[in-house]
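A look at the structure
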Amino acid sequence: MTGSSSTSPVWHPFSQHQLEPVFKQIVRTDGAYLIDENGRSVFDAISSWWVITHGHRHPAIMQAIRLALERFDQIIFAEYTHEPAEALARGLIGLAPPGMAHVFYSDSGSTAVEVAIKMALGFFHNNRAPRSRVVVMEHGYHGDTIGTMSAGERGVFNAPYAPLLFDVDTIPFPEEGREQQTLDALERFCRGGEIAALLIEPLVLGAGGMKMYSPHLLTEFRRITERYDTLLIADEVMTGWGRTGTLLACEQSDITPDILCLSKGITGGALPLAATLCTAEIFAAHLSDDRSRMFFHSSSYTANPIACAAALANLDVWCKEPVKERIQAVADMHHERLVRFRPDPRFSNIRQQGTIAALDLAVETTGYLSEVGPRLRAFFRQRDLLIRPLGNVIYLMPPYCVTESDLDRAYGAIEEAADFIRKAAS
Ligand code: PMP
């Protein structure tokens, strides 16, 4: 038996320990692989929960971390600053859509979004025209804190905490052919004049089932929010850093949000860090002789210098290495392999956005708690593939160093898995 078992005191995330008490022990990572204690290489087809971009332990990022360790550990980030955070902020603003002017650091995707929501409400509060409602999209996911769960899809994940979640207004997911309903709903909500912000995952809704929509909708969201002075918060925690084919998904619509949330791939996935970027107006609304108007948010590990150094090295990788070409190659590899799934009745809704490919397994029971999910996971795990379907939605989101043969193995196993699930059901 590999890894830690039920005797371990560790409580793992999104895990039902009673049903799956054994965790595979990883002793090393390398490129697209996790190497277990028996020396087996597991293909990390989901980039370790979507964080690893270039590959595990990219040499330049590892070296930057080593060097930073010679000079820094954590430094309080009120009253004090440091060069890695300063240089990174300049670098992020250089890469972000024009109009982003300030960078607020935190340490996870959830905190990046919490900060964004607080910035939006603070903006209206400080401008003496308070607005307190947020519009979100059906099937959205923004994190697991109380605030971000409030903004996300309600369901089995957050039912126990529902009494604490705040109310939001929800626009329907823009299914193909029904996009106008989504736009009309947004306009209706905004017209009321109480909406501080529209919070969305641009182009791909990740945890909600890799649901994809067209870039022209983002342009429309920007147009409507601008018309009603509603802020647009782009949660690019998952879509950022190349996943959708461009550095940021917003680029594909040529829009600038008012607030931009980044995390996961910001360090290439090596260390936890998040950045919430905002416009000069939002910063200015918090600028005053009055101390009660400052932005009241901090966490102990804000702008950890080692993580900032890793992120700086990541920016350098983006500048100096052919990252865009690698991303295009991954997109092409998916495209070629998805062709054979399109006419296959065992699958439906074959879709791709850049380096993300997804398909639905045609089964009767869907949803996160469907037994299909754990069965598929176990099937893939036996084949040394890290693939974690979202219910019956199977997706691949590999690091950009993935090879043709890695993907062939993954797609081959997806086809076999469809038969396996069918046989188990009959
Ligand atoms: N926003 C989006 C779009 C995400 O996909 C996630 C995480 N999967 C988060 C926010 C939360 O990030 P974290 O898990 O780092 O808190």
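Please read these numbers as outputs of a predicted model, since none were measured by experiment.

**Looking at the site of the ligand**
Residues in close proximity to the ligand include Trp 50, Ser 108, Gly 109, Ser 110, Tyr 141, His 142, Gly 143, Glu 201, Asp 235, Val 237, Met 238 and Lys 264, which together make up its full environment. At 2.9 Å, a backbone N or O of Gly 109 approaches an oxygen atom of the ligand. In the model, an oxygen atom of the ligand is placed 2.6 Å from a nitrogen or oxygen of the Ser 110 side chain. When the residues that make up the shell around the ligand are grouped by side-chain class, the tally is 4 nonpolar, 5 polar and 3 charged.

**Focus: the pattern of salt bridges**
Two side chains bearing opposite charge may form a pair once their charged atoms approach each other closely. One pass over the full model with this rule turns up 21 salt bridges. Taking the shortest distance from any N to any O, the salt bridge between Arg 227 and Glu 187 comes out at 2.4 Å. Of the two residues, Arg 227 is situated in helix H7 (residues 215–227) and Glu 187 in helix H6 (residues 179–191); the sequence distance between them amounts to 40 residues. The exposure class assigned to Arg 227 is partly exposed, which follows from its relative accessible area of 46%. The residue Asp 258 makes a salt bridge to Arg 222 at a minimum N-O spacing of 2.8 Å. Separated by 36 residues along the polypeptide, Asp 258 in the loop between strand E10 (231–235) and strand E11 (259–262) and Arg 222 in helix H7 bring together distant segments of the chain. In this structure Arg 222 comes out as buried when scored by relative accessible area, which is 8%. When salt bridges that share partners are traced, they join Glu 336, Arg 337, Glu 404 and Asp 408 into one network.

About the criteria used
Residues numbered from 1 in each chain as written. Predicted model: local features only at pLDDT ≥ 70, side-chain atom pairs only at ≥ 80, totals over all residues. Heavy atoms only, no water. Near = heavy atom within 4 Å. Polar contact = N/O pair within 3.5 Å; in protein donor to acceptor, adjacent residues only side chain to side chain. Nonpolar A, V, L, I, M, F, W, Y, C, P; charged D, E, K, R; others polar. Salt bridge = Lys/Arg side-chain N within 4 Å of Asp/Glu carboxyl O. Helix = DSSP H or I, 4+ residues; strand = E, 2+ residues; numbered from the N terminus. Buried < 20%, exposed > 50% of the residue type's maximum accessible area, 1.4 Å probe, protein only.

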